[in-house]
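Below are the chains, spelled out letter by letter.
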Amino acid sequence: MSLKAFHIVFVGASVLLMLGLAGFSFGEYRETGSPLSLLWSGLALVAASGLLVYGRYFLRKLKHISFL
Amino acid sequence: MEIPYTDKPRPDTGLYNAKLGIWLFLASEIMLFGGLFSAYILLRVNAAEGVWPAVKLAWPHGLLNIPIGTFNTAVLITSSVTVVLAWASLKMNNFARFRMFMVITVFCALSFLGIKSYEYNEKFTHYELRLNDGKAYTGHLIVNGEHPGFWDFSKVYNLEQLKAKTNVTSIKFTADPEKAEGHGHGEAGAHEHKELDLKTDQIAHLDAFLPRNHTFFAIYFTITALHGLHVLGGALVLAYFAFPGAKLWKTHPEQFTNRIEVGGLFWHFVDLVWIFLFPVVYLL
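If you're wondering where the values come from, they're calculated on a predicted model, not measured in any experiment.

1. As for the overall build of chain B
Then comes step 1: A tally of helices and strands in chain B yields seven helices and five strands.
Then comes step 2: When the helices and strands of chain B are read in sequence order from the N terminus, they spell out α-α-α-β-β-α-β-β-β-α-α-α.
Then comes step 3: On C-alpha atoms alone, chain B measures out to a radius of gyration of 24 Å, which is more than a quarter above the 19 Å that the 2.2 N^0.38 rule sets for 284 residues.
Then comes step 4: With the C-alpha coordinates of chain B rotated into their principal frame, the extents come out at 75 × 35 × 35 Å.
Then comes step 5: Looking at chain B residue by residue over its 284 residues, the buried ones come to 50%.
Then comes step 6: Put simply, of all contacts in chain B between residues at least 6 apart along the chain, 72% involve residues at least 24 apart.
Then comes step 7: Surface accessibility of chain B: about 13700 Å² in total, with carbon and sulfur atoms responsible for 63%.
Then comes step 8: Measuring between centres, the 23 positive side-chain charges of chain B sit 7 Å from its 24 negative side-chain charges.

Rendered as structure tokens:
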């Protein structure tokens, strides 16, 4: 597996982490009503979307490099 | 003697030798961290029910600073992006951009370590206190008007050290807000910080958040310190590639690019460990 393929795996794991963090923070918000938790949840969602966009850009930019 | 297959793939494996080597090494690393993760999860699920420190054997959930941990996660994700951009710059024959991205990667690694050491300091100056009447608190200790600091090890107190100091008969303790059952961060049902004035003979147990204090701290410090050593080792190797090791670019550019790929694979592994470590240790 090349660095390109491992990077895609890494970005995928990071997106999942950010989605999980968004869910965790939203759960905290529902339990405690803290606006900070809601903000944190929103920021994590933005980060997950940003990483998805970056992942697509990265794949397009390095399409000439092998996955092996 | 020339080392074979440093830039061209070996016919039987289809990979250049260093890439096969790093993946074998990473397989052994997965077993090392896998064992520690399993130990953490088993300790976590078998901990007693209840809220620590009121229940001594309960899991001390919610002690770690999630915003700081998230920031450190962002720092490591950034460093993975920059290390792959450094490698891609070499593929595009742009050495100046390679060096710039490598410097940013090393800077991110050092920032991560700096922030982690701040977190460690926070733990080493935070205390668990149990009184003779059965009440238990966490918080910060003030002895003779001073907070015992981490860097001066003679000032890291437990009860025996405190009693051995003949001039200390009373302490102040700033107790953390009490946690309600099921709420990790002391937000729900949180009260104000409480100032306690205590005689030393009222205290049954006092210890900083050190590995000896609780299984949680033992496994937390073991895993995060091992990960931190990997970050340090990776940063040293990447810094070497960016400066003294970069001479190879002039004579064997393809071999140098492969070295950066191998360094990048290790760096991604180290960052991926953190991607799993952060939710397990900070959130669960």
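2. Considering the interface of chain A and chain B
Interface size is commonly expressed as the accessible area that is lost once the parts come together.
Then comes step 1: Taken together, the contacts link 26 residues of chain A with 30 residues of chain B.
Then comes step 2: Between chain A and chain B we count zero salt bridges in total.
Then comes step 3: Counting the contacts that link chain A with chain B gives three residue pairs in polar contact (both at pLDDT 80 or more).
Then comes step 4: Looking at the side of chain A that touches chain B, the elements with two or more residues in it are helix H1 (3–32) and helix H2 (35–61) of chain A.

3. Structural notes on the packing of aromatic side chains
Then comes step 1: Tallied over the entire structure, the rule returns 25 aromatic pairs over all chains.
Then comes step 2: Ring geometry for Phe-216 of chain B versus Phe-217 of chain B: centroids 5.2 Å apart, planes at 65 degrees, classification edge-to-face.
Then comes step 3: The cationic tip of Lys-4 of chain A hangs over the ring face of Phe-67 of chain A; the distance from NZ or CZ to the ring centre is 4.2 Å.

4. Observations regarding the pattern of salt bridges
When the charged atoms of two side chains with opposite charge come close together, those side chains can pair.
All names here are of chain B.
Then comes step 1: Summed over all chains, the structure comprises seven salt bridges over all chains.
Then comes step 2: We note a salt bridge from Asp-12 to Arg-10, for which the minimum N-O separation is 2.7 Å.
Then comes step 3: We classify Asp-12 as exposed; its relative accessible area is 58%.
Then comes step 4: Here Lys-172 ties to Asp-197 by a salt bridge, and the two come within 3.0 Å at their closest N and O atoms. Placement of Lys-172 in strand S3 (residues 170–175) and of Asp-197 in strand S4 (residues 194–199) is noted, with a sequence separation of 25 residues between them.
Then comes step 5: Here Asp-197 falls in the exposed class, since its relative accessible area comes to 57%.

Criteria and cut-off values
- Residues numbered from 1 in each chain as written.
- Chains lettered and ligands numbered in written order.
- Predicted model: local features only at pLDDT ≥ 70, side-chain atom pairs only at ≥ 80, totals over all residues.
- Heavy atoms only, no water.
- Helix = DSSP H or I, 4+ residues; strand = E, 2+ residues; numbered from the N terminus.
- Rg over C-alpha atoms; globule rule 2.2 N^0.38 Å.
- Buried < 20%, exposed > 50% of the residue type's maximum accessible area, 1.4 Å probe, protein only.
- Contact = heavy atoms within 4.5 Å.
- Areas by Shrake-Rupley, 256 points an atom, 1.4 Å probe, with all protein chains shown as cover.
- Lys, Arg positive; Asp, Glu negative; His and termini not counted.
- Charge placed at Lys NZ, Arg CZ, Asp CG, Glu CD.
- Salt bridge = Lys/Arg side-chain N within 4 Å of Asp/Glu carboxyl O.
- Polar contact = N/O pair within 3.5 Å; in protein donor to acceptor, adjacent residues only side chain to side chain.
- Phe/Tyr/Trp six-rings, centres within 6.5 Å; stacked < 30°, edge-to-face > 60°.
- Lys NZ or Arg CZ within 6 Å of the ring centre and 35° of its normal.

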